[in-house]
There are 2 protein chains.
Amino acid sequence: RRSTQLLIRCHSTTSTKNASIGQRQQLFMVDEASPGSVFFLPHGTRIFNKLVQFMKVQQARYGFQEVISPLIYKKALWETSGHWDKYKEDMFKVEGFENNDCDGNHTYGLKPMNCPGHCVIFNSTLRSYQDLPVRMSDWSSLHRNEASGGLTGLTRVRRFHQDDGHIFCTRQQVGEEIAKSLRLVKLVYGVFGMDNYRMTFSSRPDEHIGSEQEWDEAEHQLTSVLDEVVGKENWNTRDKDGAFYGPKIDILLKDNFGKEHQIGTIQLDFQLPARFGLKYKGEDGELHQPVMIHRAVFGSVERFLALLIDHFDGKWPFWLSPRHAVVIPVNETHKEYAQKVAASISGELLEALDAPAILESHRFNVDVDNRSDTVGLKTREAIVKGYNYIIIVGDKEAEAGKVAMRSRDNRKIELLSPDEVRNMYIKLEESFE
Amino acid sequence: RRSTQLLIRCHSTTSTKNASIGQRQQLFMVDEASPGSVFFLPHGTRIFNKLVQFMKVQQARYGFQEVISPLIYKKALWETSGHWDKYKEDMFKVEGFENNDCDGNHTYGLKPMNCPGHCVIFNSTLRSYQDLPVRMSDWSSLHRNEASGGLTGLTRVRRFHQDDGHIFCTRQQVGEEIAKSLRLVKLVYGVFGMDNYRMTFSSRPDEHIGSEQEWDEAEHQLTSVLDEVVGKENWNTRDKDGAFYGPKIDILLKDNFGKEHQIGTIQLDFQLPARFGLKYKGEDGELHQPVMIHRAVFGSVERFLALLIDHFDGKWPFWLSPRHAVVIPVNETHKEYAQKVAASISGELLEALDAPAILESHRFNVDVDNRSDTVGLKTREAIVKGYNYIIIVGDKEAEAGKVAMRSRDNRKIELLSPDEVRNMYIKLEESFE
Ligand SMILES: [Zn+2]
Ligand SMILES: [Zn+2]
């Protein structure tokens, strides 16, 4: 057998806890075959997908259009973007078979970020000022070649995903776009009950590109939006800590151990638009250079997931939970009824297998525990695994067409019909509880 | 400006048509920065995502559990799987910075298929016969290093996605799993109205691994399931055309030009389980080797999309359409009403921006055409772009709180309330029309 390990490289307090919950709930694993690339197991994938779905729905309302962009790009693109010069050792180099590229250039970089690909898309057609802002979102896999010694669980990885977005806009639009990005940040963290964050503004470093006037204007836009959206007292400045290509706002979340983690970011960029020669046609008929804003709310989905595990201590709120309920038949004779109840609550098996299931429907993760252990033992195990609800069916329930349900955190048992359970679950999901 | 091209490498009839629809509807593009990797533009991404969502919902009912597995794996894994020996020149080699991997092995392969990663997951814990079949699905990006001369549009690419699935089961379960896979194939192609396909069975080649008895049994299982599910007359045999590791069933779809394309596939595999030393604990308490079934229904999502463009001639059925409706205000004074109507039909903007939008809701792609052209011109353009419905609002409609709607293919105009339109759209989506 090959040695596969469940997150063995976790050292810090947060990630040790992460590892044990990840293992107990079978959420993810790592393996020596790909250090730093997390394998999401089925239940971890459910949470991952739910986070993505959640953000996609919110981002669409904020005017983002999702794109799917390539993962490997020829060296020439990374030279244009500046990565080949400044970032080469942190990227994975990809080599094609040398006879396969007719232009003779078979060296690629595996992308560490989406920005250059989005510049290629922006540049693929001539945009007018009326088309701006163009807001692209992307969920691509990103790779950064971190040293293998530093890799831990979900937080220091080589492969990760971002809720990445780039806004291409006019200089006049920057303020409103930043304000909207901050509103989205507040909205999102609010849903997860993560109130323990602060925002920092980073101003121009000594070495920077662009004119002082451009920086004055950009810094003023960012700080006045911060005042307006988060309030004068609720952010602070990191002097000269901006990127050389533009000022930025970072969102730092404090975990239960008091440690701060950078999650969201909003960065202005004057440089990439210049390097890629991005242009739009202005109202004056002339070509102008758009401003580019890089922004992410979760930041790395993997790291955000690690923070969520910590924040909830593995007790997932219903809507995010990979295990909504388990149905436990009291004995052999109740197995069939248990199956029927699970199907009717989950909404998964209601349709015949030879007809297509409709797309927009509430589907819940409901399992049946058919093993031949006692109800007490199965209930305890279900709580360890993190099921939000435990549903027990015996003679009384089967005769009444009902179920006996208790929650993970409360022993009180309620007698409900499967429909009542399903409706309750729909309400929980829709209210993000 | 860099030269970005819309699918210029298309030569065959199918792909020329594909390219022109792809361009007209702004679905996707290619660029020299990444030959063979398609950039999906926002409207192409909508179709792509809908196909993925559709298949995820169906597969869940067939017992598949989605996983997210790494894209790069160390050379050692590809040696175990046999790819490094037989397939090296078709793979992209990935090199990390040499000091970054503490084991000194910094050569990776960018995965051309998911199977080895799924074997790693299977092997990460000891499974019992009661856990089988284990069915994993995966939507990872896959890369194959095709020669750049042969790359065309969506059909010959270097990067693609599959509705990939692997079933790990006992030898006794093979028949039922194949039968279910065939049922899913029939179900899926039926939804798209693709009836012009045939199935082929490929038997053992002269060079093969495994005993004659195993092959006899496997071939018998496949052919008797074919008889049962698709009917004796509806499949044919390709003698000795199976893989050296097992027999297979291929599904070939005939396009409008009579050309056949291989899309779905179902392959039995005795080899990978042996190479990876996969085992499960049987009812007898002993360790046994599971059978592995590779199966895909769409096959490459990119190629399936190309076939769909051809099949529908760019006239997307409502449920798959990236452009459900466009609202055209008759003049300046109707713009506000047009916006309100679009929001109420799409379901997108109904919620306040500072509250989270619920996840499970019908959302439609409804645009407003606010340009100052005539209604006639805008209608013609909307039809070219492929909107399924054109909604016109003027004085009469605004006063009555209604809209005048016509379909892409029928000039007849109906007067409806926004709610009636939305309900009609929900019905269309739910019935896959
Ligand atoms: Zn960026
Ligand atoms: Zn496979």
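Residues numbered from 1 in each chain as written. Chains lettered and ligands numbered in written order. Predicted model: local features only at pLDDT ≥ 70, side-chain atom pairs only at ≥ 80, totals over all residues. Heavy atoms only, no water.

**Some remarks on the overall build of chain A**
Counting its regular elements, chain A contains 13 helices and 23 strands. Structurally, chain A occupies a C-alpha span of about 80 × 55 × 50 Å along its principal axes. Of all intrachain contacts in chain A linking residues separated by at least 6 positions in sequence, the fraction that spans at least 24 positions is 69%. Carbon and sulfur atoms provide 47% of the accessible area of chain A, an area that totals close to 17,100 Å². Considering chain A, the positive charge centre built from 55 side chains and the negative charge centre built from 61 side chains are found 4 Å apart. (Helix = DSSP H or I, 4+ residues; strand = E, 2+ residues; numbered from the N terminus. Contact = heavy atoms within 4.5 Å. Areas by Shrake-Rupley, 256 points an atom, 1.4 Å probe, with all protein chains shown as cover. Lys, Arg positive; Asp, Glu negative; His and termini not counted. Charge placed at Lys NZ, Arg CZ, Asp CG, Glu CD.)

**Concerning the interface of chain B and chain A**
How big an interface is tends to be stated in terms of accessible area lost as the parts join. Chain B puts 89 residues into the contact, and the matching count from chain A is 90 residues. Its largest share of buried area at the contact with chain A, chain B owes to Arg61, Ile68 and Leu359 of chain B, together 11% of the area lost on that side. Across the salt bridge formed by Arg158 of chain B and Asp101 of chain A, the nearest N and O atoms sit 3.1 Å from each other. At the surface where chain B touches chain A, the tally comes to 39 residue pairs in polar contact (both at pLDDT 80 or more). It is helix H2 (residues 42-61) of chain B that provides the largest number of residues to the side of chain B that touches chain A, a total of 13 residues. By the bridge criterion, three bridges tie strand S6 (residues 92-95) of chain A to strand S6 (residues 92-95) of chain B in an arrangement that is antiparallel. Considered in S6 of chain B, the bridge of Glu95 of chain A is made with Lys93 of chain B. (Buried area = accessible area lost by both parts, 1.4 Å probe. Salt bridge = Lys/Arg side-chain N within 4 Å of Asp/Glu carboxyl O. Polar contact = N/O pair within 3.5 Å; in protein donor to acceptor, adjacent residues only side chain to side chain. Pairing = 2+ DSSP bridges.)

**As for the pairing of strand S21 (residues 389-393) of chain B**
Residues and elements named next belong to chain B. Extensive coverage of S21 is indicated by the burial of five of its five residues. Alternating residues of S21 divide into Tyr389, Ile391 and Val393 and Ile390 and Ile392, and every residue in both groups is buried. As paired elements, strand S19 (residues 325-329) and S21 share five bridges and run parallel to each other. By the bridge assignment for S21, Ala325 is matched with Tyr389. Note: S21 against strand S22 (residues 403-407), four bridges, orientation antiparallel. (Buried < 20%, exposed > 50% of the residue type's maximum accessible area, 1.4 Å probe, protein only.)

**Structural notes on the confidence of the model for chain A**
This prediction gives chain A a mean pLDDT of 91; 96% of its residues lie at or above 70. Here residues 1-13 of chain A is a poorly scored stretch, pLDDT under 50, and it has 38 contacts once near neighbours within four places are set aside; other chains count. (pLDDT = per-residue confidence, 0-100.)

**Quick notes on the sheet that holds strand S16 (residues 280-281) of chain B**
Residue and element names in this part refer to chain B. The strand order S8-S16-S17 describes an open sheet built from three strands, whose pairing is mixed. The sheet is open, and its two edges are formed by strand S8 (127-128) and strand S17 (287-288), each paired on a single side. In this sheet, S17 lies alongside S16 in antiparallel orientation, the contact comprising two bridges. Its bridge partner lying in S17, Lys281 is registered against Leu287.

**Section: the sheet that holds strand S23 (residues 410-416) of chain B**
Residues and elements named next belong to chain B. Taken together, five strands build an open sheet; the order of strands is S20-S19-S21-S22-S23 and the sheet is mixed. Of all strands in the sheet, those with a lone pairing partner are strand S20 (366-368) and S23, marking the two edges. Neighbour-to-neighbour, the strand axes of this sheet turn through a mean angle of 25°, independent of strand direction. Here helix H11 (residues 375-385) sits on the sheet and contacts S19, S21 and S22; the angle it forms with S19, its principal contact strand, is near 170°. (Axes fitted to C-alpha atoms, helices over the stretch in contact; angles between N-to-C directions.)

**Thoughts on the coordination of the zinc ion (ligand 1)**
Residue and element names in this part refer to chain A. Each protein donor to the zinc ion (ligand 1) is listed here as Cys115 (SG), His166 (NE2) and His294 (ND1); together their distances run 2.0 to 2.3 Å. Mapping the donors of the zinc ion (ligand 1) onto the primary sequence gives the spacing C-x50-H-x127-H. Residue Cys115 is located in helix H5 (residues 115-122), and its partner His166 is located in strand S11 (residues 159-169); the two are separated by 51 residues in the primary sequence. An identical accessibility class is assigned to Cys115 and His166; each is buried. (Donors = N, O, S within 2.8 Å, 3.2 Å for Na, K, Ca; no water.)

**Thoughts on the relation of the copies chain B and chain A**
Here chain B sits on chain A after a turn of 180° about the axis and a move of 0.0 Å along it, with an RMSD of 0.0 Å. What the rotation and shift describe, once combined, is the action of a two-fold rotation axis. Minimal C-alpha distance to the rotation axis in chain B is attained by Val94 of chain B, lying at 2.2 Å. Counting the interface residues of chain B, we find that 100% of their copies in chain A are interface residues as well, pointing to one common contact surface. (Least-squares fit on C-alpha atoms with pLDDT ≥ 70 in both.)

**Description of the coordination of the zinc ion (ligand 2)**
Residues and elements named next belong to chain B. For the zinc ion (ligand 2), the protein coordination sphere consists of Cys115 (SG), His166 (NE2) and His294 (ND1), at 2.0 to 2.3 Å. Written as a sequence motif, the donor residues of the zinc ion (ligand 2) are C-x50-H-x127-H. With His166 in strand S11 (residues 159-169) and His294 in strand S18 (residues 291-300), this residue pair connects regions lying 128 residues apart in the sequence. Here His166 matches His294 in class, with each residue buried.

**A word on the pattern of salt bridges**
Tallying each qualifying case throughout the model produces 48 salt bridges over all chains. For Asp250 of chain B, the salt bridge is made with Lys248 of chain B, and the minimal N-O distance between the two is 3.2 Å. The class for Asp250 of chain B is buried, based on a relative accessible area of 1%. Overall, the relative accessible area of 14% leaves Lys248 of chain B in the buried class. Three or more residues joined by partner-sharing salt bridges are found here, namely Lys74, Asp101 and Asp103 of chain A together with Arg158 of chain B.

**Overview of the packing of aromatic side chains**
Under the counting rule described, the total for this entry stands at 50 aromatic pairs over all chains. Note on Tyr73 of chain A and Trp78 of chain A: the rings are 5.7 Å apart at their centroids and 85° apart in plane angle, and the pair reads as edge-to-face. Residue classification places Tyr73 of chain A among the buried residues on the basis of a relative accessible area of 1%. Clustering of aromatic rings is evident, with ring pairs tying together Phe54, Tyr189, Phe192, Tyr197, Phe298, Phe304, Trp319 and Phe432 of chain A. One Lys or Arg, Arg127 of chain A, reaches over the ring of Phe122 of chain A and ends 5.1 Å from the middle of that ring. In this arrangement the basic side chain of Lys86 of chain B is found over the ring face of Phe244 of chain B, its NZ or CZ atom lying 5.2 Å from the centre. (Phe/Tyr/Trp six-rings, centres within 6.5 Å; stacked < 30°, edge-to-face > 60°. Lys NZ or Arg CZ within 6 Å of the ring centre and 35° of its normal.)

**Comments concerning the side chain of Thr379 of chain B**
Among the structural elements, Thr379 of chain B can be located in helix H11. Those residues in contact with Thr379 of chain B, other than ones at most four positions away along the chain, are Ile328, Ile390, Ile392 and Arg406 of chain B.

**Remarks on helix H6 (residues 174-191) of chain A**
All names here are of chain A. With 18 residues, H6 extends 26 Å from end C-alpha to end C-alpha; this agrees with the ideal 26 Å at 1.5 Å per step. Across the 18 residues that make up H6, a large majority, 14, are buried. Just beyond H6, the residue with positive phi is Gly193, at close to 65°. (Expected span 1.5 Å × (residues − 1).)

**Details of the packing of helix H10 (residues 335-346) of chain A against helix H13 (residues 418-430) of chain A**
Residue and element names in this part refer to chain A. Contact geometry of H10 with H13 gives a least axis separation of 8 Å together with a crossing angle of 35°. Regarding H10 and H13, the two cross each other, and that crossing is right-handed. In contact with Val341, Ser344, Ile345 and Ser346 of H10, H13 contributes Pro418, Val421, Arg422 and Tyr425. For the contact of H10 with H13, the per-class residue count stands at five nonpolar, two polar and one charged. (Left-handed = near helix turned anticlockwise from the far one by under 90°. Nonpolar A, V, L, I, M, F, W, Y, C, P; charged D, E, K, R; others polar.)

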